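# Descriptive structure summary
Given next are the chains, with one letter for each unit.
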Amino acid sequence: MQRVIERGWPNDWWAALNLYGEKGVKEAIKVIPYLNDKDMDFVSKAFGIPLSKMKCCAKKQSQPVHWNS
């Protein structure tokens, strides 16, 4: 599912939705370990998934921030 989000064409999205259904796609999105900010925001809004429920968002927030210089 991660590759469909990052690089997929509309036909890939339709194939994933037909194969897994909307519920299956939502569950797969929730456990993806990494997505960039743009893709994370897109799937959050498109499928109505709060960012706090997504593993990739929780993982990104728990990473330490380096000092600014």
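What you see is a predicted model, and the numbers here were worked out from it, not measured in a lab. One numbering rule holds for all chains: residues counted from 1, following each sequence as written. In view of the model being predicted, local features appear only for residues whose pLDDT reaches at least 70, and side-chain atom pairs are presented and counted only at 80 or more, with totals across whole chains, interfaces and linings using the full set of residues. Only heavy atoms go into the side-chain values, all of them from the structure, while hydrogens and water stay out.

What follows covers the packing of aromatic side chains. Each aromatic pair joins two rings of Phe, Tyr and Trp (for Trp, the six-membered one) with centres within 6.5 Å, and gets the label stacked for planes under 30 degrees apart, edge-to-face for over 60, and tilted for any other angle. According to the stated counting rule, one finds two aromatic pairs in the structure shown. With 6.0 Å between their ring centres and 75° between their planes, Trp13 and Phe42 make a pair best called edge-to-face. You can see Trp13 sitting in helix α2 (residues 10-30) and its partner Phe42 sitting in helix α3 (residues 37-47), a full 29 residues away along the chain. To sort residues, take the accessible area from a 1.4 Å probe on protein chains only and compare it with the maximum for the residue type: under 20% means buried, over 50% means exposed, and anything in between is partly exposed. The exposure class of Trp13 is buried, given its relative accessible area of 16%. Note on Phe42: relative accessible area 46%, which makes it partly exposed. Only DSSP runs of H or I with at least four residues qualify as helices, and only runs of E with at least two residues qualify as strands; both kinds are numbered from the N terminus onward.

Let us look at α3. Note: α-helices contain 3.6 residues per turn, so residues at a spacing of three or four share the same orientation. If you check which residues of α3 are buried, you get Asp39, Met40, Val43, Ser44 and Phe47. Along the axis of α3, the buried residues cluster in a sector spanning 130°; they form a single face. What points out from α3, more than 90 degrees from its buried face, is the exposed set Lys38 and Lys45. Under the rule applied, a polar contact is a pair of N or O atoms within 3.5 Å (in protein, one hydrogen donor and one hydrogen acceptor; residues adjacent in sequence only if both atoms are side-chain atoms). Between a side-chain oxygen at the N-terminus of α3 and the backbone nitrogen of Lys38 the separation is 3.2 Å; the capping residue is Asn36. Where α3 ends, the next residue or the one after it, Gly48, has phi of about 65°, a positive value. Relevant arc is that of directions from the helix axis to the C-beta atoms, nothing else.

Moving on: α2. Take the number of residues in a helix, subtract one, and multiply by 1.5 Å to get its expected span. Here α2 is 21 residues long, yet its end C-alpha atoms lie only 20 Å apart, well below the 30 Å a rise of 1.5 Å per residue gives. Bend at a residue means the angle formed by two fitted axes: the first through the 7 residues ending at that position, the second through the 7 residues beginning there. The largest bend along α2 measures about 100° and falls at Gly21. For α2, the complete set of buried residues consists of Trp13, Ala16, Val25 and Ile29. Taken together, the buried residues of α2 touch α1 (2-7) and α3. Throughout, a residue-residue contact means that at least one pair of heavy atoms, one from each residue, lies within 4.5 Å.

The criterion is simple. A nonpolar core is a set of buried Ala, Val, Leu, Ile, Met, Phe, Trp, Tyr and Cys residues joined through side-chain atoms within 4.5 Å. Residues Ile5, Ile29, Leu35, Val43, Phe47 and Met54 are the most contacted members of the largest nonpolar core, which totals 14 residues. Of all elements in the fold, only α1, α2, α3 and α4 (55-61) reach the threshold of two or more residues within this core. Among residues more than four places away in sequence, those in contact with Val43 are Ile5, Trp13, Ile29, Leu35, Gly48 and Met54.

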